[in-house]
Amino acid sequence: LLGDRRSELVIAGLLEDDPQRPAIPENLILMDLPGAQALLGMEKEISRVEVFVPPGEAREPVRREVGSRLTAFRETNLAVPWTLETRDDRRTSAAEMTAAFRLNLTILSTLALLVGTYLILQALEAAVVRRRTEVAVMRSLGVPPAAIRALWLVEALALGIVGSGLGILVGWAGAQVTVGAIARTVNSLYYATTTQAAALHPVEALTAFAFGIGASVIAGWLPAREAAATPPAQVLKSGVRDEGARLLRRPAIGVVAAGVALLLVLVPAWRTESGNQVPVGGYLAAAAWLLALSILANGLFRPVGNLLRRCLRRSPQGGYAASQFRRPTGRHRLAVAGLVTAIGMAAGMGVLVHSFESTLTGWIAQLLRADLYVAPAGSERAAASGTLDSATWRRLGEDEAVEGIDVIRRYPVKYEGREIHLAGAEYNRKSERRLRFTWLREPEDTDPVSLTIAGADGRVPAWINEPFSRRFGIDRGGEIAIPTPSGIRRLSVEGVYADYSDEAGTVLVNRRFTADWFDDRDVSNVAVYLEKGTQPERVIARWREAHPALVIRENARLRSEALRVFHQTFAVTYALEAIGVIVAVSGLGLALASLLVERRGELATLKTIGFSRRQIAGSAAIEGASVALVGFLGGLVLALILGALLIFVINRQSFGWTLDFRVPWGLLAGLGVLTLVTSVGISAAVGSRGARLRSDPEE
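Just so it is clear, the model here is predicted, and its values are computed rather than measured.

A. Examining the packing of helix 13 (residues 330-367) against helix 18 (residues 555-569) more closely. Following both chains from N to C, one finds helix 13 and helix 18 inclined at 155°, their axes separated by 11 Å at the closest point. The angle between helix 13 and helix 18 places the two elements in the roughly antiparallel class. Relative to helix 18, the crossing made by helix 13 is right-handed. Contact residues: V353, F356, E357, L360, T361, I364 and A365 in helix 13; R559, A562, L563, F566 and H567 in helix 18.

So this is what it looks like as structure tokens:
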């Protein structure tokens, strides 16, 4: 399928993979150059010239000489829109295209990792507290605190080594599952890739390994230091109710972190050498809010405990559960911190996705107003370059069933060293359903006909999309110099419109200008407005028979495909959100399990005074639900804050898109119910098991 036609080729031979060479892509067809030029209608054109310098002593000097000559030629012949780049430049260019996408995935993965860190802290703190009596006995036998801390560090190190090694293997296996979704997203939005498997790079593996070991050692050292410093008589006599890390017991630090977060929002984006903007202030503000809400949410324990006592005043298990919140333990606080982070992350991304989808749906409804959309095969991929030739699209426009058409031709060009799209368009003016732009900076004349009139100074009027405006800092009234095969063309910016299909940037002019500049009458796709009363199915069947290589979609189908690509883009996001919530709820179960082990003396007393196993399980379920409620309320506040950060700061600086703020209340309610129900189930199971614990026969 070549553009809008089907061609038959005779296979002369099959390329065999050579184990000594890189694998041959599955989508590769090789032809001789003249044959390919004739087949593609490019008899006078070539796409690329590759200059190869043989190896040897003169290789580097020759490469520098050739490069300098080509650079000098390009600088003295500005009418030739050549791009000179090395293999490394090409790889860098591809990496730059996906830089914002990769950065946001990395940040999201880091947030999921932070939830896992809380789990490590909970596990090792529980281990220290559960064996605090051993520590007291060792102190009584004369073992110095430094030696006890060293023993715990060794144990934490061993756990970190084993856990991190297993984690790397699980992560690599999970990457094999998600790489397909990532590859489809890259194909749809950025460039063609045939990647089918994820590699395990040594640097990434070592970084993850070092992080896991470091987190384990720190998590083991903090409670071990406190346990080793506690007088043994105090521990052996009455036990010590561990209140956890001091950081989580300092609301003043949470208030300061919130104030810092408000200031960080004002930090401008960091612009890389390639021109990409990194919202450093936005990410740091998100981290500061995570810290602030993880600390401040613990202030809800006492109100929740008071509420339990009032609502369950006649329930002994409710009273026992409420008593645990007068002085919440470190496990309570860590469980809440993990839930706040996980729910805030998941729900905050939910706010972003819902806002994006709501904005995108409205934009699509305004943009896609035609009945049929015609494009060459493969047009759903970002790297597609097929076109409809002039005879084909004009024949479609002259069909008796057609009221009018929109046509557009896109060209990848370089502007200030970065790739953008130059689009030449002509829009239907006959139908009342004609395309409507969403304006951010409305031009004086919004009729597309205004783009056909060049200024007295020769400047061509243009409209630019929001990503281009933000990426290059150009607004209405600015001027742009675009390289074309016929020379540099100067454009005047008349308006800025919203566009959620492109993050590189698009400059829109009338098609008759680009047709002359590029000597090209073909178009990339056609939007067709049918006469009233026409049945689209009949037109589609007739056109497909005449043009079997064309892809023809009805309005509703194209809208659904656009939303499918949107949801596909966030597929990995959903997985990371689910992982975070699962890990946080698991941490809650771990915290309750360790608390019940620590309180087995209390459980024995409860059984002695008549508590049944079912009542003890009910008490644990109430306690778990209360902790989950505290975590969910804190996470909900964090979610709204993170959602605003993602929409108004991080997204706007990274992608240049303006989104409406929409809260998915149904999703948040569902997440809350799921968290509470799961927590109650896990807590009841842990409580039922805890009721079978035997108390110590003697102190």
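B. Structural view of the packing of aromatic side chains. Summed over all chains, the structure comprises 17 aromatic pairs. Residues Y411 and F518 carry aromatic rings whose centres are separated by 3.8 Å and whose planes lie at 5° to one another, so their mutual orientation is stacked. Within this pair, whereas Y411 is found in strand 4 (residues 402-415), its partner F518 is found in helix 16 (residues 511-518), the two being separated by 107 residues in sequence. The class of F518 is buried, set by a relative accessible area of 18%. Joined through ring pairs, the aromatic side chains of Y427, F437, W439, W463 and Y497 make up one cluster. Taking NZ or CZ as reference, R512 lies 4.4 Å from the ring centre of F513, over its face.

C. Structural detail: the environment of W657. With respect to the element layout, W657 can be found in the loop between helix 21 (613-655) and helix 22 (665-690). When the C-alpha atoms of W657 and D499 are compared, they prove to be 7.5 Å apart, with 158 residues separating the residues in sequence. Once residues lying within four places of it in the same chain are set aside, the contact partners of W657 are F356, E466, P467, D499, Y500, D502, E503, N651 and R652. Side-chain polar atoms of W657 contact the backbone oxygen of D499, separated by 3.1 Å.

D. The arrangement of the packing of helix 13 against helix 21 in detail. Where helix 13 meets helix 21, the axes come as close as 6 Å, and the angle between the chain directions of the two elements is 40°. With respect to helix 21, the element helix 13 is oriented oblique. In this structure, helix 13 meets helix 21 at a crossing whose hand is right-handed. Class assignment of the residues belonging to the contact of helix 13 with helix 21 gives a composition of 20 nonpolar, 9 polar and 1 charged.

E. Just unusual backbone geometry, in detail. Residue D519 is not a glycine yet carries a positive backbone phi of 50°. Structurally, D519 can be placed in the loop between helix 16 and strand 11 (525-530). Of the residues examined, D519 reaches a relative accessible area of 66% and is grouped as exposed.

F. A look at a nonpolar patch on the surface. Together, L33, I46, V49 and V51 line one region of the surface with nonpolar side chains, adding up to about 400 Å² of accessible area. As for its position among the elements, L33 is in helix 1 (residues 33-40). Overall, the relative accessible area of 51% leaves L33 in the exposed class.

G. Region of the structure containing the side chain of N465. Assignment of secondary structure puts N465 in strand 7 (residues 460-465). Residue N465 is classed as buried on the basis of its relative accessible area of 0%. Here F468 takes part through its backbone nitrogen, which lies 3.1 Å from a polar atom of the side chain of N465. At a separation of 3.0 Å, a polar atom in the side chain of N465 contacts the main-chain amide nitrogen of T506.

Each value, and the rule that gives it
- Residues numbered from 1 in each chain as written.
- Predicted model: local features only at pLDDT ≥ 70, side-chain atom pairs only at ≥ 80, totals over all residues.
- Heavy atoms only, no water.
- Axes fitted to C-alpha atoms, helices over the stretch in contact; angles between N-to-C directions.
- Helix = DSSP H or I, 4+ residues; strand = E, 2+ residues; numbered from the N terminus.
- Parallel < 35°, antiparallel > 145°, perpendicular 65-115°, else oblique.
- Left-handed = near helix turned anticlockwise from the far one by under 90°.
- Contact = heavy atoms within 4.5 Å.
- Phe/Tyr/Trp six-rings, centres within 6.5 Å; stacked < 30°, edge-to-face > 60°.
- Buried < 20%, exposed > 50% of the residue type's maximum accessible area, 1.4 Å probe, protein only.
- Lys NZ or Arg CZ within 6 Å of the ring centre and 35° of its normal.
- Polar contact = N/O pair within 3.5 Å; in protein donor to acceptor, adjacent residues only side chain to side chain.
- Nonpolar A, V, L, I, M, F, W, Y, C, P; charged D, E, K, R; others polar.
- Patch = residues over 30% accessible without salt bridge, like charges linked within 9 Å, V, L, I, M, F, W, Y side chains within 5 Å.
- Areas by Shrake-Rupley, 256 points an atom, 1.4 Å probe, with all protein chains shown as cover.
- Salt bridge = Lys/Arg side-chain N within 4 Å of Asp/Glu carboxyl O.

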